[in-house]
Amino acid sequence: MTMHTAIGNSGELFWFKGTLVNVRLSWNTGADRVSVVEHYMPHGESPPLHIHRNEDEVFHILEGSMRIHIDGVETVAHAGETVLAPKGIPHSFRVESREGARCLTITSGGDLENMIREIGEPASCATLPPQVEPTPAMIAALTEACARNGIDIIGAPLS
């Protein structure tokens, strides 16, 4: 990723699926259980098509552009735009900008954040982790962690 954004030192940093995640506000800090997670993602990053059973997912794009697929409809969101992926609706995204993308993901309830904490690892530095091709064991671990946290993987990442 070639973005020139400095990564702030507030929050908790995790390496998650080839991305850097900064938990800016944990769901367990407020009564409404709102979580704000900042994602730093390389070009081409795409999670599998999935459904959140318990929480809406809001994407606020800070830098770059992302193609977002929600219930069969695709749009491209650019810096400054906000997109809602409602709970119960299949969705995914793909980072389209060559320099990568940075976005805030806002949820309530803790499912997404808990899954990131479960499958991610504390980042040893504030950079993207080394990129690796997912193995069948990695895919199975992600699928199982998602299921335990109210997220159902139902398809492949976007290409």
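Note that the structure is a prediction, hence the values are computed from the model and not measured.

Asks: How should I be thinking about the side chain of threonine 107 in this particular structure?
Replies: The residue threonine 107 is located in strand β10 (residues 101-108) in this model. Judged by relative accessible area, which is 3%, threonine 107 ranks as buried. Every residue in contact with threonine 107, bar those within four places of it in the chain, is listed here: Arg33, Val34, Ser35, Glu55, Asp56, Glu57 and Leu112.

Asks: What am I meant to see in unusual backbone geometry here?
Replies: With the exception of glycine, the majority of residues adopt a negative phi angle, and the majority of peptide bonds are in the trans configuration. A positive phi is found at arginine 33, a non-glycine position, where the angle reads about 60°. Counting through the fold element by element, arginine 33 comes out in the loop between β2 (19-25) and β3 (34-41). When its relative accessible area of 38% is taken as the criterion, arginine 33 is described as partly exposed. Not every positive phi belongs to a glycine, and aspartate 71 is a case in point at roughly 50°. Topologically, aspartate 71 is positioned in the loop between β6 (65-70) and β7 (73-78).

Asks: Help me understand the pattern of salt bridges in this model?
Replies: Opposite charge on two side chains permits pairing when their charged atoms draw close. Going through the model one piece at a time under the given rule, you end up with 11 salt bridges. Of the charged contacts in the structure, one is a salt bridge between glutamate 74 and arginine 67, with a shortest N-O distance of 3.1 Å. Residue glutamate 74 is classed as partly exposed on the basis of its relative accessible area, which comes to 40%.

Rules used throughout
- Residues numbered from 1 in each chain as written.
- Predicted model: local features only at pLDDT ≥ 70, side-chain atom pairs only at ≥ 80, totals over all residues.
- Heavy atoms only, no water.
- Helix = DSSP H or I, 4+ residues; strand = E, 2+ residues; numbered from the N terminus.
- Buried < 20%, exposed > 50% of the residue type's maximum accessible area, 1.4 Å probe, protein only.
- Contact = heavy atoms within 4.5 Å.
- Salt bridge = Lys/Arg side-chain N within 4 Å of Asp/Glu carboxyl O.

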